[in-house]
Amino acid sequence: MKADNTLYLIGKVRVLINQFIISELKKKGINGIVPSHGNIILSLLENNSLTMSELADKIGKDPSTITTLVKKLNDFGYTQMIKDEEDKRVNRVSLTSKGKELEEAFIIISEQIHNKQYNNISDDEKEIFRQVLKKMIDNFS
């Protein structure tokens, strides 16, 4: 059976989106943030604070990866670690005021990505694309 290049194309789209995100963040004077930080920041914008395991569950990454990413965000001053009031063994992550200032840029960049990736694609094509992606996910579930 001949292999198609679907995985290559999916990977290429991901690379292009990540390059676009980094470029747009730099244009806005936001340095140090990379796409892998995005889901953490978005999750914290939606919630006041989360534990490391809650973050890992929300974005589907390994807890050790989350720890590394959060430490970097702490170093840049976007997040902070706070001991949980009920269980002092648990650290909660929350955005600093500097981190909360990212919200507007993230909203704008998200809209730009959406507009760029779906340019010249009809609503019917978008729906078919979503259905195919859901089927692919189900195939691995």
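This text follows the structure it describes.
About the criteria used
- Residues numbered from 1 in each chain as written.
- Predicted model: local features only at pLDDT ≥ 70, side-chain atom pairs only at ≥ 80, totals over all residues.
- Heavy atoms only, no water.
- Pairing = 2+ DSSP bridges.
- Helix = DSSP H or I, 4+ residues; strand = E, 2+ residues; numbered from the N terminus.
- Axes fitted to C-alpha atoms, helices over the stretch in contact; angles between N-to-C directions.
- Parallel < 35°, antiparallel > 145°, perpendicular 65-115°, else oblique.
- Contact = heavy atoms within 4.5 Å.
- Nonpolar A, V, L, I, M, F, W, Y, C, P; charged D, E, K, R; others polar.
- Buried < 20%, exposed > 50% of the residue type's maximum accessible area, 1.4 Å probe, protein only.
- Arc of directions from axis to C-beta.

Strands belonging to one sheet form pairs held by backbone hydrogen bonds; the direction of such a pair is parallel or antiparallel. With antiparallel pairing, 3 strands are arranged side by side in an open sheet as β1-β3-β2. One side of each edge strand has no neighbouring strand; the edge strands of this open sheet are β1 (49–51) and β2 (79–83). For this sheet the average axis-to-axis angle between neighbouring strands, irrespective of direction, equals 35°. Note that β2 and strand β3 (residues 91–95) share 5 bridges and pair antiparallel.

Let's shift gears to the packing of helix α3 (residues 52–59) against helix α4 (residues 63–75). Where α3 contacts α4, the axes come no closer than 9 Å and their chain directions differ by 110°. Judged by the angle between their axes, α3 and α4 are roughly perpendicular. Along the contact surface, α3 presents Met-52, Leu-55, Ala-56 and Ile-59, while α4 presents Pro-63, Ile-66, Thr-67 and Val-70. Across the contact of α3 with α4, the residue classes tally to 7 nonpolar, 1 polar and no charged.

Of all the positions in α3, only Met-52, Leu-55, Ala-56 and Ile-59 are classed as buried. Seen end-on, α3 carries its buried residues on one side only, within an arc spanning 100°. Of the surrounding elements, those touching the buried residues of α3 are α2 (35–46), β1, α4, β2 and β3. Gly-60 lies just past α3 and shows a positive phi near 70°.

Mapped onto the secondary structure, Lys-100 falls in helix α5 (residues 97–100). The exposure class assigned to Lys-100 is exposed, which follows from its relative accessible area of 53%. Counting along the chain gives 64 residues from Lys-100 to Ser-36, while the straight-line C-alpha distance between them is 17 Å. Sequence-distant contacts of Lys-100, that is, excluding residues within four places in its chain, are made with Leu-45 and Leu-95.

Positionally, Lys-126 belongs in helix α7 (residues 123–140). Relative accessible area serves as the criterion here: at 16%, Lys-126 is assigned to the buried category.

Our focus in this paragraph is unusual backbone geometry. Excluding glycine, a negative phi dihedral is what most residues carry, and trans is how most peptide bonds are arranged. In this structure, Asn-120 is a non-glycine residue whose phi angle is positive, near 65°. Take Asn-120: its relative accessible area is 72%, and that puts it in the exposed class.

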